[in-house]
Amino acid sequence: MCPCKTSTLDLSFVRGQRKMAHINIAWLYCCFYAVTILIPTTLSLPSSQVDIDNIANDLVLEVFVETNHLSTGTYNITYKLTNAGTVQILQTDDWEIIYSMHNRDILTKRQFIANGLVVKPYKETLYKITPQAKRWPGLASGETSYITITAKGLSVFRQDTHPRFIVSSQSTMPKTIQSTDDITLGFVKLDPNSNNDYSKMSGIQRTMMIPDVMDMDRVPATIVCPPPLNITIAPEVPLLELGTVTKFHVWADSSVSDAFKKYFEAVFRTIPTTTVLEFVNSEPPANVDKIYIQQTGPDSMKSEDYYELAVRPKTGGRNFNLIHMSATSEAGLHNAVESLMSATGLYDILPDMTIVDDARFGHRALSLDLTKNFFSYEVIERVLKLMSTYKLNKLEMNLGSDYAWRLEVKDIPELTNYASKRCLTNDANDCLPPYSGAGAQAAPTASGFYTVEEFARILRYAYSLHIDVIPRFNFLGGLLSAKRATKLRFDNLERTDRRSANKVNLVSILPKAAKRNQPEDEMTIDGLLDPCRTQTFTFINTVISQVNRIYSMASVPFKSFHAGGDELTQFLGEFPSCKKAKVKSTAEALSTMIGAMQTTLSSVNAVLHVNEEAITDPSTGDCLNIPPTSKMSQSNLVAHFYKTFPGSPEEWDLSTTQLAYMDGAVAPPPSPANPNGTYDALLPYNGPQKGLASWILPYRCANRGYKIVLKPENFFSLDQAYELDFDEPGNRKKRRFHVINMHRMMMYEPLNHYINMDLGKDGYTFLQYRMCKLFPCEPLKKPENVLGLAATLDTSVIRSEQMLWHMMLPRLLVFAEKAWRVGEHENILKAEDPSTLVVEENLAHRAGAITMEIENLMNNIAFKEGGRLDEAGYSYRVPTLGASIQLGLAFMRLPPYPLMVKSDIPRVEVEYRELTGSDQQWRPLFNVDRNTGRISGGYMFEFPLSNQKIEVRAKSAGGRNGVKRPGRSTIVEGKTEFYLPKEIPVEIREGTCLPIEDAWTTDIDNVTTLQWRRVLQNSERVLNDRSNFMVERQRVLEQTVADYNQRNRARGNRGRGTVANVALPMVFEEIQQAMDRGQNLSALPASNILRDVYQKDQAIYEQRRRLMENRYRNWQQDYLKCKEGRSRVTLLPETPSLDIAFPGTDGRGDRGQTDGRGRGQGRQTGGQGRQFGGQGRQAAGRGSAAGVPGGLMAAGGARDIQSGMAGQSQIQPGRGQMVGQGRGMRGGASIASQRRGQSQGRGAGIRGGVAGR
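Keep in mind that what you see is a predicted model, and the values were worked out from it rather than measured. Numbering of residues starts from 1 in every chain and runs along the sequence as written. This being a predicted model, a pLDDT of at least 70 is required before a residue's local features are given, and a value of 80 or more before pairs of side-chain atoms are given or counted; all residues contribute to the totals for chains, interfaces and linings. Excluding hydrogens and water, the side-chain figures rest on all heavy atoms present in the structure.

Trainee: Can you help me understand the nonpolar core in this one?
Mentor: Side chains of nonpolar character tend, in soluble globular proteins, to be buried together. What makes a nonpolar core is a set of buried Ala, Val, Leu, Ile, Met, Phe, Trp, Tyr and Cys residues whose side-chain atoms join them at distances within 4.5 Å. Type-normalised accessible area, obtained with a 1.4 Å probe on protein chains alone, sets the label of each residue: buried when under 20%, exposed when over 50%, and partly exposed for intermediate values. In terms of nonpolar packing, the biggest core is built from 224 residues, with Phe264, Trp405, Tyr450, Phe455, Phe475 and Met808 touching the most fellow members. Helix and strand assignments follow DSSP, with helices taken as H or I runs no shorter than four residues and strands as E runs no shorter than two, numbered in order from the N terminus. With nine residues, helix H13 (residues 534-554) is the single largest residue contributor to this core. Of all hydrophobic cores here, the second largest spans 37 residues; its members include Ala56, Leu61, Ile129 and Leu139.

Trainee: Any chance you could explain the environment of Arg164 here in plain terms?
Mentor: You can see Arg164 is positioned in the loop between strand E7 (144-152) and strand E8 (166-168). For Arg164 and Thr180, which are 16 residues apart along the polypeptide, the C-alpha to C-alpha distance reads 4.9 Å. Excluding residues that lie within four positions of it along the chain, Arg164 makes contacts with Ile98, Thr176, Thr180, Asp181, Ile183, Gly437, Ala438, Gly439, Ala443 and Arg799. The definition of a polar contact used here is a pair of N or O atoms within 3.5 Å, where within protein one atom must be able to donate a hydrogen and the other to accept one, and adjacent residues in sequence count solely through side-chain atom pairs. A distance of 3.2 Å separates a polar atom in the side chain of Arg164 from a polar atom in the side chain of Asp181. It only takes one pair of heavy atoms within 4.5 Å for two residues to be counted as in contact.

Trainee: Explain the state of the cysteines here, please?
Mentor: Here, disulfide denotes a covalent bond that connects the sulfur atoms of two cysteines. The disulfide criterion used throughout: a pair of cysteine sulfur atoms within 2.5 Å. By the definition in use, this model includes five disulfides. Each sulfur in the disulfide pair Cys623 and Cys701 lies 2.2 Å from the other. As the torsion about the S-S bond is roughly -105°, the Cys623-Cys701 disulfide counts as left-handed. Here Cys623, found in strand E26 (residues 622-623), pairs with Cys701, found in helix H17 (residues 697-703); they are 78 residues apart in sequence, far enough to count as distant. Here Cys623 matches Cys701 in class, with each residue buried. Sulfur-sulfur distance for the disulfide between Cys993 and Cys1122 comes to 1.9 Å. One disulfide, between Cys993 and Cys1122, carries an S-S torsion of -55° and so falls in the left-handed class.

Trainee: Honestly, the environment of His162 in this entry has me stumped. Any pointers?
Mentor: As for its position among the elements, His162 is in the loop between E7 and E8. For His162, a relative accessible area of 4% gives the class buried. Spatially, the C-alpha atoms of His162 and Val797 are 7.9 Å apart, while their sequence positions differ by 635 residues. With near-sequence residues (within four places) excluded, His162 lies in contact with Ser100, Met101, His102, Leu185, Phe187, Ser436, Gly437 and Arg799.

Trainee: What exactly am I supposed to notice about helix H16 (residues 656-663) here?
Mentor: An α-helix turns once per 3.6 residues; consequently, residues spaced three or four apart project the same way. Buried within H16 are the following residues: Gln658, Tyr661 and Met662. The buried residues of H16 occupy an angular sector of 95° when the element is viewed end-on, so they sit on one face. Turning to H16, the residues buried within the fold contact helix H20 (768-774). To be clear, the arc concerns the directions from the helix axis to the C-beta atoms.

Trainee: I keep staring at helix H22 (residues 811-820) and nothing clicks. Help me out?
Mentor: The element H22 is largely enclosed, with a buried count of 10 among its 10 residues. Buried residues of H22: Arg811, Leu812, Leu813, Val814, Phe815, Ala816, Glu817, Lys818, Ala819 and Trp820, and no others.

By themselves, these are just geometric observations and shouldn't be taken as functional.
Written as structure tokens, this is what we have:
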């Protein structure tokens, strides 16, 4: 209340009558105060440039995202605004914070209001935060405010939010908020409300997800990457050491160009050797080191990629070194050189080898979208060199889309002056809006274009590497950048040259249906070109002519042009102008546009490429039927198919019967326990069938004569994430994403399309054979129409060159292998032929072949290709490690327990740091003594709980300079949640109140400290018991052998030579050999020592088994009493051993100490390379106790060594050393475990394991 005294004021003037009005003067004073003081704080003056600059510099803006990987519903995003400056900011009412997201129309309502802040859509994929009128007070120094919005669809990765938020007002220059100018998106964080099980992949989860990869301890026999069709390496032949060669005489036949000779010489100089190349014009003398280069010319049985390469080192019979390469063309010679360099690796040594090789496909492409983020021609040249290294021969460059235009067109300067830039200024004609996190000042990768000279340089360099560049402009889909640029040109010319202005005006009335049903993954319908206006074709021809001129200037053949296509293509025939032109449908509009472009391109002998939407009739969902009167032709047309994944059942409009069939339980197959079972794949489906789906079209269109290229988004989209983790960079659409690691890519089968239909766009899993019974899976009848494969790389989330290589590599190596050669696992199983799916040999063959192929590649990367990439400066993705603590209790080992790490690339260097102490320096997990080769190190955790917390990460291979880059780190803490396997053996559950019969139900994270103490006590007792058992068993069996020898001597049997001196190890060996032969030992004569020992051992184990079963029953009763509250956990005063009386003994044998610790662990390093676990629940049955012959087991298998770690592996140094001399009998180990059991523990590689359940 105003503290002013009251008075009266004499007022008049109402209809001439004088009236007296008594007015409270204090009230007038308060009104004046409100008008002059209070109102300006809520309806303030416009923001000044100083205000905007203060916001840009002082506002700390953080984004907290809630992920929802497993649903397609909604998720929350919280924006936190904090004033880190010393003055008030955001105090005006006209400011806006503008930012971009991964998609448009993601808000669940028109706008969100909270705490005086408003969030709402701005335009296309842009959104804005503004103050709420009269409710927003501004932010004082140190103050914080929040607003939470709810978004539609999926939230998966940090990259869903883009960097560089912009603050602006009507009268100031917009500025990028500095706290968000971070391309690593450190300001975007995981909301604490997110379910961490699905938002962050823990080291435990990653351990179980990473496929099992064997460390081969060397480069695999294929040597070259991608693996050649045929390679033979001569064994035990001296190597060709280039460092010992002073000079190679190089003789090339006359058909080999000087350009190739220069290329070969330049590449050869990258080898670390002083060897000189001397090109000669005639065949070199017989006794000099030489290189032959021969071009044989075209051959109808061979492609232009065919080559032969032979390396012959100097031997006793030949006193010179020889390298010989021949090919049908210089493209083939180029492939031979790349194979030679791949075999050389980082060194200067080559084996004696012969390679005969040819490409599987002639089209091996990388499709690079440069409209989202731009990279200079220098970076593109590095991309081309990388492609050449791995024999890719097509680079598709997307240079025009909604997001930007990237090529100079002399006749339309606005395409580069305006449409090549994304920013936010006061003049809307300066640039496109700041999509994809461009920022206010046009960030380097958001803006840019190739000049005519730069693009010509790219073409020339690509041509020198035998790579064709395919420029792509999205004429058949969204091309908003060009439409806005030409509108700007129209506006500029309209006043001075209206006739010229009309020629470039691409603006027309848009289809109404498209506005109502705009596809959710396209930015806007405004970018679609009108196929029924002459201006559209004038513009297209102008661009094609410009591209042709650049090719001519570069002296490079213009072979291909890509006209795009996307989900907007379906509306091409619905422009109002098309009705006037009597174009009746989109199919007709498509044939008209494609025919017109083909006519233009045919004049320069170029082929038109389009996306699948351009040859799909939207009215039927089928391949486009070309009208007889159309100029469109299949002969010069190539269609690219990328939507080759099933989508989701929600999109298929399934009936109840169809949905029940797709989701129904799988019938149990025949088995000994279920002899009447039926293979589910062979069961008929008699319900209603569905029609065509997009993923069926590739083969259908190929069978109808279309040439196609497969670029499956769910296998070869290199912008998709490597793993499902919030911190893993990855791009996605609004309601779909794919997790694509190298193992998944290796499974792809190009000419067996339907077997690839295992995962939908949202992670939904399918049974492929059921899909082929529900949908018409048309077999491929014309495989010659599948021209090849393409990997795609959308740069939406790629804002640096380093990130470009991170997303591309090493996955590009898998793609290169798939495009170059047929995998051994391909075409074995057919989804459309269920009979192939029920043959166990087929399943095993395919699984084994995939394992072999991925192991070859991973070891190639580990021992050679990773170093080559590092040496060349390609910062490939370093593996993120799986990490856990080995719960040694599962193997009867006492604490402390070791850190276990796992990687999909073997032999990576690992380092760690402790986070709980003052010294947090990174240290190598293992150390190698360079003099002795001895490996030491590792890290141990106390048990069951400790405050230990470490961070662990892998490092890259490193080039010749030894510099190695670290990968993303993983946290491991001394808590039970980090232990694997999560099993407490039944043998150590006595007195713990833990279940016995259903031991697998125990959640070790809920085991109490008292229970753990009793478990450890039990472990010590069981270890002593087992040690005593093995000693007693040894004593009994040795006594059996001694009795046998004594009986033989008593009989005076001298006919068997050394029979009287039979020893137990020899008996064990003979028994093992007999069992390997399948011999029935019980059928041997009663006097036979093999039968005697075998049956005695069986009886020993049978008695032990019965005794343990009795104990288990008693323990289960104790557990039930605990559940009823009649018993509790008790601790042992001591750890008594278990006395067992064996048949024929008094049970009082010597209790000598051995180190046999059973249960798949002990010290069974023989043949296991000190590899702990990783064999499922089978430890390969080859363990042995220290100093005691390997455990002789009953025929049923090695009972005491049948436990393993579930999906574990460990970096373990050194080569396996056999402990003890005996050999345990195999206990039915799987092929995989036997294979690893024979690997002899090759060094410090990371070994994976098969989950034990």
